[in-house]
Amino acid sequence: MSATVLQNARIVDPSRNLDELGTLIIRQDKIVASGADVRNQGVPEGATIIDCQGKAVLPGLVDARVFIGEPGAEHRETIASASHAAAAGGVTSMIMMPDTDPVIDNVALVEFVMRTARDTAVVNVYPAAAVTKGLLGEEMTEIGLLREAGAVAITEGRNSIANTQLMRRALTYARDFGVVLAHEAQDAHLGITGVMNEGLYASWLGLSGTPREAEVIPLERDMRLAALTQAAYHAAQISTGMSAEVISRAKHNGLNVTAGVSINHLSLNENDIGEFRTFFRLQPPLRLEEDRLAMVEALRDGTIDIIVSAHDPQDVDTKRLPFADAAAGAIGLETLLGAALRLYHNGDVPLLRIVEAMSSAPARIFGLDAGSLRPGSKADMTIVDLDEPWVVNEEDLRSRSKNSCFEGARFQGRVVQTFVAGKSVFTI
Amino acid sequence: MTSETSPLLFPHRHLLGIKGLSPQDIVQLLDLAESEIAVSRQSEKKKATLRGRTQINLFFEASTRTQSSFELAGKRLGADVMNMSVGNSSVKKGETLIDTAMTLNAMRPDILIIRHGSAGAAALLAQKVGCSVVNAGDGAHEHPTQALLDALTIRRAKGKVERLTVAICGDVLHSRVARSNIILLNALGARVRVVAPSTLLPAGISHMGAEVFHKMEDGLKDADVVMMLRLQRERMAGSFVPSVREYFRYHGLDREKLKYAKPDAIVMHPGPMNRGVEIASDVADGVQSVIQEQVEMGVAVRMAVMEALLDPRRNAEGVAG
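Conventions used here
- Residues numbered from 1 in each chain as written.
- Chains lettered and ligands numbered in written order.
- Predicted model: local features only at pLDDT ≥ 70, side-chain atom pairs only at ≥ 80, totals over all residues.
- Heavy atoms only, no water.
- Contact = heavy atoms within 4.5 Å.
- Buried area = accessible area lost by both parts, 1.4 Å probe.
- Salt bridge = Lys/Arg side-chain N within 4 Å of Asp/Glu carboxyl O.
- Helix = DSSP H or I, 4+ residues; strand = E, 2+ residues; numbered from the N terminus.
- Buried < 20%, exposed > 50% of the residue type's maximum accessible area, 1.4 Å probe, protein only.
- UniProt positions renumbered as here; feature names shortened; annotations may be inferred.
- Polar contact = N/O pair within 3.5 Å; in protein donor to acceptor, adjacent residues only side chain to side chain.

What to know about the interface of chain A and chain B
Stage number 1. At the junction of the two partners, chain A supplies 15 residues and chain B supplies 23 residues.
Stage number 2. Three residues, W204, R320 and P322 of chain A, lead the burial of chain A against chain B; their summed loss comes to 39% of the area buried on that side.
Stage number 3. The tally of links from chain A across to chain B stands at one salt bridge.
Stage number 4. The shortest N-O distance in the salt bridge between K19 of chain B and E275 of chain A comes to 2.8 Å.

As structure tokens, then:
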């Protein structure tokens, strides 16, 4: 394969804290030069030249929380369909949650996912393995072997680990293998019947609520265990200002703790549920506007490390139901960047911080070869017109499921082209 | 406007909740219901208003009283009434709601009455069918015809609703009746109180338009209306309250507690009653009780609602819902 040159590119590379106009040169699957100084280096013979006309080039985004229906629910999403949705959203690496059927809790399943991804996916797919067999919260999985087979993290996915003893053991054991445990904190009893944020709005709708404490109490427990075990702990999705305080304190105390937030909790609040709109039934539930603002602030100041899409395909049979009976979750791979750029355009969070939270930061936490435009890096990147306005249209979404919280949303900033290992995988 | 020639024009296609109704809408329905009472009291209990119309009662939760009340109301208006009870089937709640609705819709009914265990079920159904939908209770959300019949009962007993003090007592947390009543009574200018142990009150109750009390003696003081709510027995298992004995002691309505209300206060209950749990038998059957009257008003109110929704003038004048 010959070289590709991206000229007149606004290179936004958080791994080097760099935002400048310059040129990128790609040879085979690697970036060989990138920066302002490259503009004068000339062009390799026979290279394909792309004039970016000042559009931004970002490292391919890394989405650390993606639910896929394969194996088990291919009618909702396959690894291939999710990868096309990802490419269209500028996401070149995704970490796949183990909540499949069968559960990704053994080496054979990890290998199945990696093989299927290699054969059918257009982006990098990294499996995360279950912490416990069958996600039942009882017996630990073969963490060492799973790691060796290619699992990049262990997590219970949508589930939470109620058993404190087991949580301690899993953290301690995972530490020996350098594996991160990603956990969504949700109390096993408090607010367990809840289907939305507890408060006045849920009361009027007659819906059972989940209080914010249902997230904060187990998160506090986990911080104590992170201190006790000195393991790497990642709070998969936090949704309240109180949780951000807990994470901030843990970091201040030097614990090996990181945190993520879904794009939904940075963009929406409980009022978006309106009159029982089930696409907005999420786990954790959408909270108050003050919580959303606290999430934005925690992202800005670095308390929250990463933004995830929490992509969770659900279809008609799980969503076209009364609110309390509907499944939680929303798709998000294709709208992740557009929604995140709202925070940049309205001045809430600087561009480099937003891009970092979706590229170099998750790559660092999960040890992926991704998230950088530094010479020598894998040529995973996306060209983005940061200013182009567009409207999300259900019919245009590539995901097999259409349960988007952003149907009809107006975004500013659109993916123009996406490359994985130097190869174009999406063009608008 | 057509309001002069059609004073009963009701600008809604469905009745999904009290929320969304204006005070004028409510008063109109109560006035119409008042005129329906006579129909049920005469020997030939039949009108022809809904002759040729089809009413389907779709009850995912068993409810003999509400279902028969809607059935009688429809029949007395001359409609063809069909009952679909799905509550006792093994089908999991919700799963078949849309499919059932689409099937029924294909039979071209004029009005669907739905009772379902999940909040928002009636609204979901209304989006999918071509006919009018009446919410006969959806989860802990709303039960609009119950609130209307309660208001009619109060108005007939007291001559007005405005400025009356109404104490709603008991399991407000799980009660759709309480929510609909709080909205309606506020709309008509009543002073609403709720009286319950804190575990049976929803979050944010003090912002819902009701004054909050935890002791019956305080909450009933000088009340004009005492409205009791049913306490489901399974609430004990959920640790909302410890026992029937303790609940009755502090929150059950007996003669002693009723003395704190005004001497002419009326006692209401949406039924079915748990005698000895939330209400003592002598109070339920006593002179201040209007519980039987509520049942009678139920038929009248449901006749009024269906007549208003299916008013032929709506179609004739192309009123949007």
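Describing the side chain of N124 of chain A
Stage number 1. Along the polypeptide, N124 of chain A turns up in strand β8 (residues 124-127).
Stage number 2. With residues up to four places along the chain from it excluded, the contact list for N124 of chain A reads T92, S93, M94, K378, D380 and V420 of chain A.

Observations regarding the pattern of salt bridges
Residue and element names in this part refer to chain A.
Stage number 1. Following the criterion strictly, the structure yields 37 salt bridges over all chains and no others.
Stage number 2. For R158, the salt bridge is made with D312, and the minimal N-O distance between the two is 2.7 Å. Highlighted residues: R158 in the loop between β9 (154-155) and α4 (164-176) and D312 in the loop between β15 (306-308) and α10 (316-319), separated in sequence by 154 residues.
Stage number 3. Judged by its relative accessible area of 5%, D312 is buried.

Notes on the UniProt feature "binding site: L-aspartate" (unreviewed entry) in chain B
Residue and element names in this part refer to chain B.
Stage number 1. The sites that UniProt annotates as "binding site: L-aspartate" (unreviewed entry) are K93, R176 and R230.
Stage number 2. Here R176 shows up in helix α6 (residues 176-187).
Stage number 3. Apart from the residues lying within four places of it in its own chain, the contact partners of R176 are E61, R115, H116, G137, D138, G139, A140, H141, E142 and H143.
Stage number 4. At 3.1 Å, the side chain of R176 and the side chain of E61 are in polar contact.

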